Amino acid sequence: MKIVKTRDYNDMSRKAANIISAQIITKPDCVLGLATGSTPIGAYKQLVEWYEKGDLDFSEVKTVNLDEYKGLPRTNDQSYYYFMHENLFDKVNINPENTHLPDGTKEDAKAECEAYEALVESLGGTDLQLLGLGHNGHIGFNEPAAEFPKTTHCVDLQESTIEANKRFFASADEVPRQAYTMGIGTIMQAKQILVVVSGEDKAEIVAKAFFGPVTPEVPASILQLHRNVIIVADEAALSKV
Ligand code: GLP
């Protein structure tokens, strides 16, 4: 694991965007695994700026997102589909047909998860997977559990995750209770993994996940076993390591 310490959120965002840019420049038809949440927003903003300056070309880039709430229509501004369009896809020259997220409107969880897993495989896996880190150590929506889930599956969100995400909804009651997410196995197949983390509220979980034992109780801890992981985190997030 390579840990890159940054001054603050903006510095973290620029450095993460630099790593993603390097991937796009060296492999214009790369497969990017993308993440939502508040942490990657600054990196997406930076990529859009570089695109507008003519420094980046997304025309051949393919993307697969980690996860999506189950039951939210794509037009809901809290769906990850909406988030990705708002923060990146609608602002760069990416071909919408090359962008993929699990379809949260599909009722048949088994069929949707199998189809998504097959899609990631048919693209040859991801070249670079971007990840945020949940306060309980979740990656994508892989919540702490007794074992590491291997493939794309439907999860029941934990109370702490619903609490953390309720700020985006009118009330906690409106936060969906389930989501479709890539499995830990799907994530670990990425050729390179880039984790972005910011803020003191993540300091404890950063210490546990990247310096503690590898356990499914802290899903992100599995990343310690991946051969090519870069963690770009600000000083506050690294204050307990
Ligand atoms: C969400 C997402 C994750 C994200 C995490 C952290 O629930 N499903 O993919 O990494 O929580 O979010 P944030 O970056 O807002 O702290």
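Residues numbered from 1 in each chain as written. Predicted model: local features only at pLDDT ≥ 70, side-chain atom pairs only at ≥ 80, totals over all residues.

A. Region of the structure containing the overall build of the protein. The helix and strand inventory of the protein stands at 7 helices and 10 strands. Here the protein has a C-alpha radius of gyration of 17 Å; the compact-globule value for 241 residues is 18 Å, and the two agree. Going through the 241 residues of the protein one by one, you find that 44% of them count as buried. (Helix = DSSP H or I, 4+ residues; strand = E, 2+ residues; numbered from the N terminus. Rg over C-alpha atoms; globule rule 2.2 N^0.38 Å. Buried ≥ 20, exposed ≤ 12 C-beta atoms within 10 Å, placed from the backbone.)

B. Region of interest: the sheet that holds strand β8 (residues 178-181). Strand order in the open sheet made by the 3 strands is β4-β8-β7, with antiparallel pairing throughout. Only two strands of the sheet have a single partner each, and these edge strands are β4 (67-69) and β7 (153-156). In this sheet, neighbouring strand axes are inclined to one another by 25 degrees on average, regardless of whether the strands run parallel or antiparallel. As defined by bridge partners, β7 adjoins β8 across 4 bridges and the pair is classed as antiparallel. In the strand pairing of β8, H153 is matched with T181. In this fold helix α4 (residues 109-122) packs onto β7 and β8, with an angle of close to 25 degrees to the strand it touches most, β8. (Pairing = 2+ DSSP bridges. Axes fitted to C-alpha atoms, helices over the stretch in contact; angles between N-to-C directions. Contact = placed C-beta atoms within 7 Å.)

C. Structural context of the site of the ligand. The full set close to the ligand counts 14 residues, and G37, S38, T39, G132 and G134 are the nearest of them. Grouping the constituent residues of the shell around the ligand by class yields 4 nonpolar, 9 polar and 1 charged. (Near = placed C-beta within 6 Å. Nonpolar A, V, L, I, M, F, W, Y, C, P; charged D, E, K, R; others polar.)

D. Local environment of the confidence of the model for the protein. When pLDDT is averaged along the protein, the result is 97; 100% of the residues meet or exceed 70. In the predicted assembly, ipTM is 0.93 and pTM is 0.97. (pLDDT = per-residue confidence, 0-100.)

E. Spatial organisation of the UniProt feature "domain: Glucosamine/galactosamine-6-phosphate isomerase" (unreviewed entry) in the protein. Listed under "domain: Glucosamine/galactosamine-6-phosphate isomerase" (unreviewed entry) in the UniProt record, and renumbered for this structure, are residues 12-227. With 32% helix and 14% strand, residues 12-227 has its two end C-alpha atoms placed 22 Å apart. (UniProt positions renumbered as here; feature names shortened; annotations may be inferred.)

F. A look at the sheet that holds strand β6 (residues 128-131). Overall, parallel pairing links the 7 strands, which are arranged β1-β10-β9-β6-β2-β3-β5 in an open sheet. The open sheet has two free edges, formed respectively by β1 (2-6) and β5 (99-100), since each of these has just one partner strand. The pairing of strand β9 (residues 192-197) with strand β10 (residues 229-234) spans 5 bridges and is classified as parallel. From the neighbouring strand, L194 faces β10, where its bridge partner is I230.

G. How the structure looks around the pairing of β8. Bridge count between β4 and β8: 3 bridges; the pairing is antiparallel. Along β8, the bridge assignment pairs Y69 with A179.

H. Local environment of the nonpolar core. Core analysis: the largest hydrophobic core is formed by 63 residues, its most contacted members being I20, L194, V195 and V196. Setting aside residues no more than four positions away along its own chain, V196 makes contact with M12, A16, T39, P40, A43, L130, G132 and V232. (Core = buried A, V, L, I, M, F, W, Y, C linked by C-beta atoms within 7 Å.)

I. Main features of the UniProt feature "active site" (unreviewed entry) in the protein. Cross-referencing UniProt, the feature "active site" (unreviewed entry) maps to D67, N136, H138 and E143 in the present numbering. Of note, N136 is situated in the loop between β6 and β7. Looking at the element boundaries, E143 is found in the loop between β6 and β7. Judged by the 22 C-beta atoms lying within 10 Å of it, E143 falls in the buried class.

J. How the structure looks around the environment of L47. Looking at where L47 falls in the secondary structure, it is placed in helix α2 (residues 41-52). L47 sits in the buried class, given 25 other C-beta atoms within 10 Å. Discounting chain neighbours no more than four positions away, the residues touching L47 are A17, I20, S21, L56 and L88.

K. Just helix α1 (residues 9-26), in detail. Between its first and last C-alpha, α1 extends 26 Å over 18 residues, near the 26 Å set by a 1.5 Å rise per residue. Among the residues making up α1, those that are buried are M12, S13, K15, A16, A17, I20, Q23 and I24. The secondary structure elements touched by the buried residues of α1 are β1, β2 (31-34), α2, β6, β9 and β10. (Expected span 1.5 Å × (residues − 1).)

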